[in-house]
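Geometric and topological summary
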Amino acid sequence: MSTRLSPSIVVTSIIALFAARSPAAAPAAVDKSTGAPAALDVKWSPMPIRSERQVALGLKGGEGGQCLHGIERARSDDKRIYLAVDVVGVWRSKDAGFSWEPCKNIGLHALGTSSVAVHPKDADHVLVYAQAAWEQPRQPEEGLYESKDGGETWNRVVNVPNRDTRRQFRHLIEYTSDGQRVYFLPYKGGLYRSDNGGASFQGPLGVKDVGASEIRVDPQNKDVLWVAAEDGLYVSRDAGSDFTKIEPMNGPVSSLSVEAAAPNRIWAIKEGVGLHRSEDGGKTFVHVSCGNNEIDQKARKIFQSTVDPKRIIFAADSKMSVTHTGGAQWKEPKLDFSRSFVQQGVWGLSNGMAWSHKEPGKIVGAISCGMYASTDGGLTFSDSGTGYLGFHHGWSDGAVAFSDDPNRFAFFCYDYAFNITTDGGRSFRNGRLKEKVRGWWGMYVGDIHPQWNKTPVVILAAGNYWKNQLVRSEDGGKTFTAIPDTDSAYFFVRFHPKDPQIVYADDRRSDDGGKTFKKLSKPVYAFAPSNPDIVYGYGYNDSDKKNPDGKVWKSTDRGETWTELPAPPRQARDWNARRDIEVDPKDPNRVWVMTPPHCSVFDGKSWRMIEAAKWVSPKGHAFVNRIAIDPDQPKRVVIGLDTHGTSFLFMSEDSGLSWHDISGNLPRLGSNQSLNIQPKTGKIFVGAGFGTWTATIPSK
């Protein structure tokens, strides 16, 4: 798991981290048309995770991190490229891939996308196939979405499911050259066709129950449509009403291309065998070997130049081959990772490539979940990921660890492990596991020792998403040692700031600095900053934390014994696998908790519920799943809605009596995020699949 920016991005200087706060923000108000909190004009700035070497080279940074499922370059504007990304909506480049930004994605009510197409006459007119495979509450919002403003706003035009969980490039939306006809083939849903440029669609037509990967229209006959599918190659000659299976290509066909200048020439990949070519419109096919049996057998995708069709990329996951002679000679490209943040090997070569429509030597594509480019027709590729962000520390608010030094903080990232900075975010060092934990490299929540300069200890939960183990480092995250008997799925791992021999880790506690842990009767999800011996947690009716009792429990002796708080206005619990409790920095009796879909605050005597999920469109299926309290100004509280297509961040300056929308220029992709406020600076941090973004908002 594994996104989302207005055209004008305000990049805040690192010096601003320490700048004095400005005079008061405008008083809270309500949007009279919607009843939602009024919006502040907040400018969020990206914080790419760069190495010191990248900074020295003058690179702006763009670490990638999410898998590409679709890519298309606009024919009317060769500099415009759109990406369909697995868990961060739609991204775009306006300069031929030199830099990237997430689209704002207003109205796109699903996190992921799996295929994208651009109108051949209008680079701002885009179609995307939305997907919610990784978040079930939003599956009703899947379907084909249309944008006419370059991805800023979207509207669903075909309501159809997208239950395709394959991690691969797909091309399931196809315009004819005049832009008047559009074909759309959802996963096992039957073909849809528009004859008026996408204004309306009819369907489902043919090829129902077919798991397709790509569709291609005959450039000279808009009624002829080819389909590469899990069980073979199909063709329709009547605009999609009926399809015929091509017998010579029986079996899984994963990719295809139809040459514009020679429409009887069709290229297709038969899985396990390799590339095939037909010169007679699909009646017969011949095998075209690239000269490497491994690539022939494992290749899944073909990417053919529209300027010079003799130029073809033939890609497997970890190897690829390129020809400039229509298959007569082949070479394996050279991949330059020297400018990349993490040297993680070669994979993801078949996630998508987009050739220039004007210059035959230029191609942009995805490699190892990052963006790379070639200027010599695919013979060499180098990093082209400026602005394409995605190292994801969004498991919970515990995925960020601050310290007494504002220049030093750490992120614990889903798939890319531990990253720490000592210069305020200008550069980072990656602390990767030497070997997988529970089958994966991920790190999710953790903390750094309060006396870091003398004791550079890191403790964190590592592993495979829901299968974690606690690990410990004594050398600042360079090497890690597993802690025995700590298997679980963690959301809260923190040192006791006044007694670092104590470490809380959900339903475990260490009394020896994290070397060993013992089980507690209830999980700890927060401690009181003013008295870290006081801890809070949700209650459960079973030992595996699957059946919440709806209560909030408090312990004043580090989790040894527990007392029940008065019943909250709604059941207090986790929701959609996320959980959060936050305690007022000054008042240990004041606590904010999730009471799904809203949140509630307890003042030591009574509860007050904040019905935040009602502030946005019901299409986003919103619920509160993260809360941050300013350590230096406890009346400032920020809450985050897990939702998509709408605003999702809201701030109060009066302990929740009134609110402002502070989503600002962030892309409207609001799930799987961390939310934190840095001590001393008041800087707000958001960690998401679209990267790390920060803002400093003037206080009252």
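Refer to the structure printed above.
Residues numbered from 1 in each chain as written. Predicted model: local features only at pLDDT ≥ 70, side-chain atom pairs only at ≥ 80, totals over all residues. Heavy atoms only, no water.

In terms of helices and strands, the chain carries two helices and 54 strands. Against the globule reference of 27 Å for 700 residues, the chain gives a C-alpha radius of gyration of 26 Å, in line with a compact fold. Among the 700 residues that make up the chain, the fraction classed as buried is 64%. In the structure as shown, the chain presents an accessible area of about 25,000 Å², 48% of it carried by carbon and sulfur atoms. Between the mean site of the 86 positive side-chain charges and the mean site of the 80 negative ones, the chain shows a separation of 2 Å. (Helix = DSSP H or I, 4+ residues; strand = E, 2+ residues; numbered from the N terminus. Rg over C-alpha atoms; globule rule 2.2 N^0.38 Å. Buried < 20%, exposed > 50% of the residue type's maximum accessible area, 1.4 Å probe, protein only. Areas by Shrake-Rupley, 256 points an atom, 1.4 Å probe, with all protein chains shown as cover. Lys, Arg positive; Asp, Glu negative; His and termini not counted. Charge placed at Lys NZ, Arg CZ, Asp CG, Glu CD.)

Attention now goes to the pairing of strand E42 (residues 548-555). Consecutive side chains of a regular strand alternate in pointing toward one face of the sheet and then the other. The element E42 is extensively covered by neighbouring structure, given that seven of its eight residues are classed as buried. In terms of strand pairing, strand E41 (residues 531-540) meets E42 through five bridges, oriented antiparallel. When the bridges of E42 are listed, Tyr-536 appears paired with Lys-554. For E42 and strand E43 (residues 563-564), the ladder comprises two bridges, and the chain directions are antiparallel. Within E43, the position partnered with Lys-554 by the bridge is Thr-563. (Pairing = 2+ DSSP bridges.)

One recurring pattern in soluble globular proteins is that nonpolar side chains are buried together. Within the largest apolar cluster, 69 residues are counted, with the highest numbers of intra-cluster contacts made by Trp-44, Leu-83, Ile-639 and Ile-662. Listed in part, the 43 residues of the second largest apolar core include Tyr-414, Phe-495, Leu-520 and Ala-572. (Core = buried A, V, L, I, M, F, W, Y, C linked by side-chain atoms within 4.5 Å.)

Okay, the pattern of salt bridges next. Scanning the model with the defined rule gives 41 salt bridges in all. Note that Arg-181 is salt-bridged to Asp-195, the shortest N-O span being 2.9 Å. One end of the pair, Arg-181, is in the loop between strand E10 (173-175) and strand E11 (182-184); the other, Asp-195, is in the loop between strand E12 (192-194) and strand E13 (212-218), and 14 residues separate them in sequence. By relative accessible area, which is 9% here, Arg-181 ends up buried. Residue class for Asp-195 comes out partly exposed when judged on its relative accessible area of 39%. (Salt bridge = Lys/Arg side-chain N within 4 Å of Asp/Glu carboxyl O.)

The topology assignment puts Leu-205 in the loop between E12 and E13. Setting aside chain neighbours within four positions, we find Leu-205 in contact with Gly-190, Leu-191, Arg-193, Ala-239, Gly-240 and Ser-241. (Contact = heavy atoms within 4.5 Å.)

This part takes up the sheet that holds strand E16 (residues 244-245). Spatially, four strands are ordered E13-E14-E15-E16 in an open sheet, and the strand pairing comes out antiparallel. The open sheet has two edge strands with one neighbour each: E13 and E16.

In this fold, Gly-656 is placed in the loop between strand E50 (649-652) and strand E51 (660-661). A sequence separation of 258 residues divides Gly-656 from Gly-398, and the C-alpha atoms of the two residues are 22 Å apart. Other than its neighbours up to four places away in sequence, Gly-656 contacts Trp-592, Arg-608 and Ile-610.

As a further point, take the sheet that holds E41. Taking strand neighbours across the sheet as the criterion, the four strands line up as E40-E41-E42-E43 in an open arrangement whose pairing is antiparallel. Each of the sheet's edge strands pairs with one partner strand only, and the pair in question is strand E40 (526-528) and E43. Of the pairings in the sheet, the one linking E40 to E41 comprises three bridges and is antiparallel in character. The residue of E41 that forms the bridge with Phe-527 is Val-535.

A few words now on unusual backbone geometry. Of the consecutive residues Gly-203 and Pro-204, the connecting peptide bond is found in the cis state with omega at 5 degrees. Along the chain, the position of Pro-204 falls in the loop between E12 and E13. Residue Pro-597 follows Pro-596 across a cis peptide bond; omega there is 5 degrees. Within the secondary structure, Pro-597 sits in the loop between strand E45 (591-595) and strand E46 (598-602). With a phi close to 50 degrees, Val-207 is a non-glycine residue in the positive phi region. A positive phi angle, close to 65 degrees, is found at Cys-369, a residue other than glycine. Counting through the fold element by element, Cys-369 comes out in the loop between strand E26 (363-367) and strand E27 (370-374).

This part is about the side chain of Ser-254. Along the chain, Ser-254 falls in strand E17 (residues 253-258). At 2.7 Å, the side chain of Ser-254 and the backbone oxygen of Arg-300 are in polar contact. Ignoring any residue separated from it by four or fewer positions in sequence, one finds Ser-254 in contact with Ser-213, Glu-214, Ala-228, Ile-269, Glu-271, Ala-299, Arg-300 and Lys-301. (Polar contact = N/O pair within 3.5 Å; in protein donor to acceptor, adjacent residues only side chain to side chain.)

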